[in-house]
Amino acid sequence: MQTYDVAENGLRGLNAALQAQSDETNQTSWEVQNPKGSHAIAVGLDAPIEVTVKGSTGYYCAGMNQQATIRVEGSVGPGVAENMMSGTVVVEGDASQYAGATGHGGLLVIKGNASSRCGISMKGIDIVVHGNIGHMSAFMAQAGNLVVCGDAGDALGDSLYEARLFVRGSVKSLGADCIEKEMRPEHIEILTDLLERAGSDAKPEEFKRYGSARQLYNFDVDNAAAY
Amino acid sequence: MKDTDQTIPRTLPIQSATFTNPINAEIRRAAATGIYDIRGGGAKRKVPHFDDLLFLGASVSRYPLEGYRERCETSVTLGTRFAKKPIELDIPITIAGMSFGALSGPAKEALGRGASMAGTSTTTGDGGMTPEERGHSSKLVYQYLPSRYGMNPNDLRKADAIEIVVGQGAKPGGGGMLLGQKISDRVAEMRTLPKGIDQRSACRHPDWTGPDDLEIKILELREITGWQVPIYVKVGATRPYYDTALAVKAGADVVVMDGMQGGTAATQDVFIEHVGIPTLACIRPAVQALQDLGVHREVQLVISGGIRTGADVAKAMALGADAVAIGTAALIALGDNDPKWEAEYQKLGTTTGAYDDWHEGKDPAGITTQNPELAARLDPVEAGRRLRNYLKVMTLEAQTIARACGHNHLHNLEPEDLCALTMEAAAMAKVPLAGTDWYPGKAVF
Ligand SMILES: Cc1cc2nc3c(=O)[nH]c(=O)nc-3n(C[C@H](O)[C@H](O)[C@H](O)COP(=O)(O)O)c2cc1C
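Residues numbered from 1 in each chain as written. Chains lettered and ligands numbered in written order. Predicted model: local features only at pLDDT ≥ 70, side-chain atom pairs only at ≥ 80, totals over all residues. Heavy atoms only, no water.

**Q** How do you make sense of the pairing of strand 5 (residues 88-91) of chain A when you look at a structure like this?
**A** Across a regular strand the side chains alternate sides, sitting on one face of the sheet and then on the other. All names here are of chain A. Note that strand 4 (residues 69-72) and strand 5 share four bridges and pair parallel. Paired with I70 across the strands is V89, a residue of strand 5. When strand 5 meets strand 6 (residues 107-110), the two strands line up parallel, connected through four bridges. Counterpart to V89 in the pairing with strand 6 is L108. (Pairing = 2+ DSSP bridges. Helix = DSSP H or I, 4+ residues; strand = E, 2+ residues; numbered from the N terminus.)

**Q** So what exactly am I meant to see when it comes to the interface of chain A and chain B here?
**A** How big an interface is tends to be expressed through the accessible area that disappears when the partners come together. Every contact between the two is made by 34 residues of chain A and, on the other side, 42 residues of chain B. Summed over the three residues of chain A that lose the most area to chain B, namely Y60(A), M64(A) and F219(A), the buried surface amounts to 23% of that side. If you look at where chain A meets chain B, you find three salt bridges. We note a salt bridge from E82(A) to R148(B), for which the minimum N-O separation is 3.7 Å. (Contact = heavy atoms within 4.5 Å. Buried area = accessible area lost by both parts, 1.4 Å probe. Salt bridge = Lys/Arg side-chain N within 4 Å of Asp/Glu carboxyl O.)

**Q** How should I be thinking about the sheet that holds strand 11 (residues 208-212) of chain A in this particular structure?
**A** Hydrogen bonds between backbone groups are what pair the strands of a sheet, and the pairing can be parallel or antiparallel. Residue and element names in this part refer to chain A. Ordered in space as 1-2-3-4-5-6-7-8-9-11-10, the 11 strands form an open sheet in which the pairing is mixed. Lying at the two open borders of the sheet, with one neighbouring strand each, are strand 1 (2-5) and strand 10 (178-181). Across the sheet, the mean angle from the axis of one strand to that of its neighbour is 15°, orientation sign disregarded. Its contacts with the sheet put helix 2 (residues 11-19) on strand 1, strand 2 (29-33) and strand 3 (50-53), and the angle it makes with strand 2 is roughly 170°. The strands touched by helix 3 (residues 185-197) within the sheet are strand 6, strand 7 (123-129), strand 8 (143-148), strand 9 (164-167) and strand 11, with strand 8 carrying the most contacts at an inclination of about 65°. (Axes fitted to C-alpha atoms, helices over the stretch in contact; angles between N-to-C directions.)

**Q** Mind showing me how you'd approach the packing of helix 6 (residues 210-224) of chain B against helix 7 (residues 240-250) of chain B here?
**A** All names here are of chain B. Remark: helix 6 packs on helix 7, axes separated minimally by 8 Å, with the N-to-C direction vectors making an angle of 40°. Considering the angle they form, helix 6 stands oblique to helix 7. For the crossing formed where helix 6 meets helix 7, the hand is right-handed. Where helix 6 approaches helix 7, its residues P211, D212, L214, E215 and I218 are matched on the opposing element by L246, K249 and A250. Its residues assigned to classes, the contact of helix 6 with helix 7 shows five nonpolar, no polar and three charged. (Parallel < 35°, antiparallel > 145°, perpendicular 65-115°, else oblique. Left-handed = near helix turned anticlockwise from the far one by under 90°. Nonpolar A, V, L, I, M, F, W, Y, C, P; charged D, E, K, R; others polar.)

**Q** Hey, could you run me through the site of the ligand in this one?
**A** All names here are of chain B. Residues in contact with the ligand amount to 26 residues; listed here are only the nearest, G97, D258, G306, G327 and T328. Contacts to the ligand include D258, whose side-chain N or O atom sits 2.6 Å from an oxygen atom. In the environment of the ligand, an oxygen atom lies 3.0 Å from a nitrogen or oxygen atom belonging to the backbone of G263. Contact with the protein chains removes 97% of the 600 Å² of surface that the ligand exposes when unbound. Looking at the shell around the ligand residue by residue, the classes come out as nine nonpolar, 14 polar and three charged. (Near = heavy atom within 4 Å. Polar contact = N/O pair within 3.5 Å; in protein donor to acceptor, adjacent residues only side chain to side chain. Areas by Shrake-Rupley, 256 points an atom, 1.4 Å probe, with all protein chains shown as cover.)

**Q** When you look at the nonpolar core in this model, what are you seeing that I'm missing?
**A** Among soluble globular proteins, nonpolar side chains are generally buried collectively. V80(A), L108(A), L53(B), I326(B) and L334(B) are the most contacted members of the largest nonpolar core, which has 144 residues in total. When sequence neighbours within four positions are dropped, the list of residues in contact with L53(B) reads L280(B), K315(B), L319(B), L418(B), C419(B), A420(B), A425(B), A429(B) and V431(B). (Core = buried A, V, L, I, M, F, W, Y, C linked by side-chain atoms within 4.5 Å. Buried < 20%, exposed > 50% of the residue type's maximum accessible area, 1.4 Å probe, protein only.)

**Q** I tried to follow the pattern of salt bridges on my own but got confused; where do I start?
**A** As a working rule, side chains carrying opposite charge can pair if their charged atoms are close by. Throughout the structure, instances matching the rule amount to 38 salt bridges over all chains. R71(A) is paired through a salt bridge with E92(A); the nearest N and O atoms lie 3.0 Å apart. Taken together, the residues R71(A) in strand 4 and E92(A) in the loop between strand 5 and strand 6 connect sequence positions 21 residues apart. Judged by its relative accessible area of 32%, R71(A) is partly exposed. Residues R113(B) and E109(B) are paired through a salt bridge, measuring 2.8 Å at the closest nitrogen-oxygen approach.

**Q** Explain helix 14 (residues 380-404) of chain B to me, please; I cannot follow it from the model alone.
**A** Residues spaced three or four apart along an α-helix point in a common direction, a consequence of the helix completing one turn every 3.6 residues. All names here are of chain B. The terminal C-alpha atoms of helix 14 lie 36 Å apart, and with 25 residues this matches the ideal 36 Å at 1.5 Å per residue to within 8%. Sitting at the amino-terminal end of helix 14 is D379, which places a side-chain oxygen 2.9 Å from the backbone nitrogen of V381. Two residues or fewer after helix 14 comes G406, characterised by a positive phi angle close to 90°. (Expected span 1.5 Å × (residues − 1).)

Below, the structure written as structure tokens:
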């Protein structure tokens, strides 16, 4: 295993070393020590490596990840795994705002709670939050799945497109154009798979599904109050 | 003889200066449809502009350079502050970001070809990078927009520079719009959206707000691209002094300031005409901010919004810009609003020069469309050549002026080369009213 001490050796060296790994690397296991809330830890990776961050991070940890599996043994600041393309990011603690923002692919697991705007503008990423999520989550979410084992805050799924939202607990309020939808067998299948991969023992049957009513897809003066 | 009705002088019908025919037509249109007017282009109203400035030219106190014979350099380097690989351009005129989606594939290709032949850069736009434009652009700036449509780290790393778009002059504080007619299969796929929907791009970034966050966002982008390429920050002109200062503080290599005449692919007319300040008004405050922070020329300033001629380029540079960007003018050079399509413009209820319903995707010139038949009307090689010619002419014009003012590099143009024709322009550009040594706001003693 490779170890890297951020406090001692700096951020640039860390990202340069991790980004230099290729598909064929045999340095597949990395441990990042003393992150001490630094921003932009393990960003832009593109190799099938496993990175464990021993502590909490600042903004944009694992940003734009491709292929790598990044596990944070702590909590993360805003924008964890933002614009992730593929791979897996697991946060043992809580996540601040915009977790998984604009993510195009991969799996983001948050073992604790996620703050507001979780999954904002998501474009294909799968996000599983073991705890609760804050307000305006999945705002303008385009594609992918957001699974919440706890409760969701205000205005869930406001102006969303084709993303699927699954919530086990309560939803404080739904945003514009977001409605509860029928849970069909294919959705149970998606949920079963995601919960299993995220290490959650919640039962798919306990969830409700939410999605777009598709009423705001084209301009209509009768919807002016919702614009 | 008695006066008859016919002989009594009558008042002439007088049109209201407030309720003009265009205003009244808009009231009727709104009443009939229940939706605001959406259009492309920039502010059409008259605002103080570069036309209100004149160059003084050399005479006894300064001597000119010989046209053609004495050199007048035009090159510019953008991104010298932090980037390992700054962008070196032969001319200080760049092509502004215009999205694939708003523009057809051949139009984007033509922009790349024309810019590359002229030795300058072109820019992607909302919706991501297409292989055609990357292939045909020797220097390509990748826009990082609030929507993040098509945004991915592979394309980010293919870029020669990154432009974080905070706003646009046509609609500072607003997001993009691409209506259903233009969401073709390819555009929908690139943006991960259902086909045919009316798409609105977000007006602010999903994962940062404010200058302190921006600093961290810039750090992330630099870490992902290894500190290699310059990072620009583009803002719509509203509070140019503070926005420039904050962009610099956040770590920008280049500030792009876009005035209210700047074009857009589509937005509400009310937004285009009533939000933001003229290009002329934003340059001096932006330059002042750079000077106050001691980074003028170290952080480069790119000005856009209504740049049409070499004179405009020279004036923007004399006021302190390092380079300019063009959008609308580049489209016109490609063939937009060309009189040869007049019959078709008439059918669309408009006329040459006024056609701005770019969001409808019916552009007779085949530029602002995703309709394959219309798009095929634009030959990207020929259109690229026209753009190159136009860029060359603008450069020659700017050189002509610079030599006349005695400068051997466009960068040496200075405010002292200028005077203003109107009080407004004098106040905004902080150059004296023609024939005086005074501008509004200047202390008398
Ligand atoms: C058709 C069209 C599409 C545009 N698309 C974008 C865009 O995607 N992103 C952006 O930042 N600006 C966009 N702009 C604005 C230009 O980048 C630029 O700011 C403006 O065109 C400059 O003013 P000018 O048109 O007067 O030259 C667009 C402009 C036009 C005309």
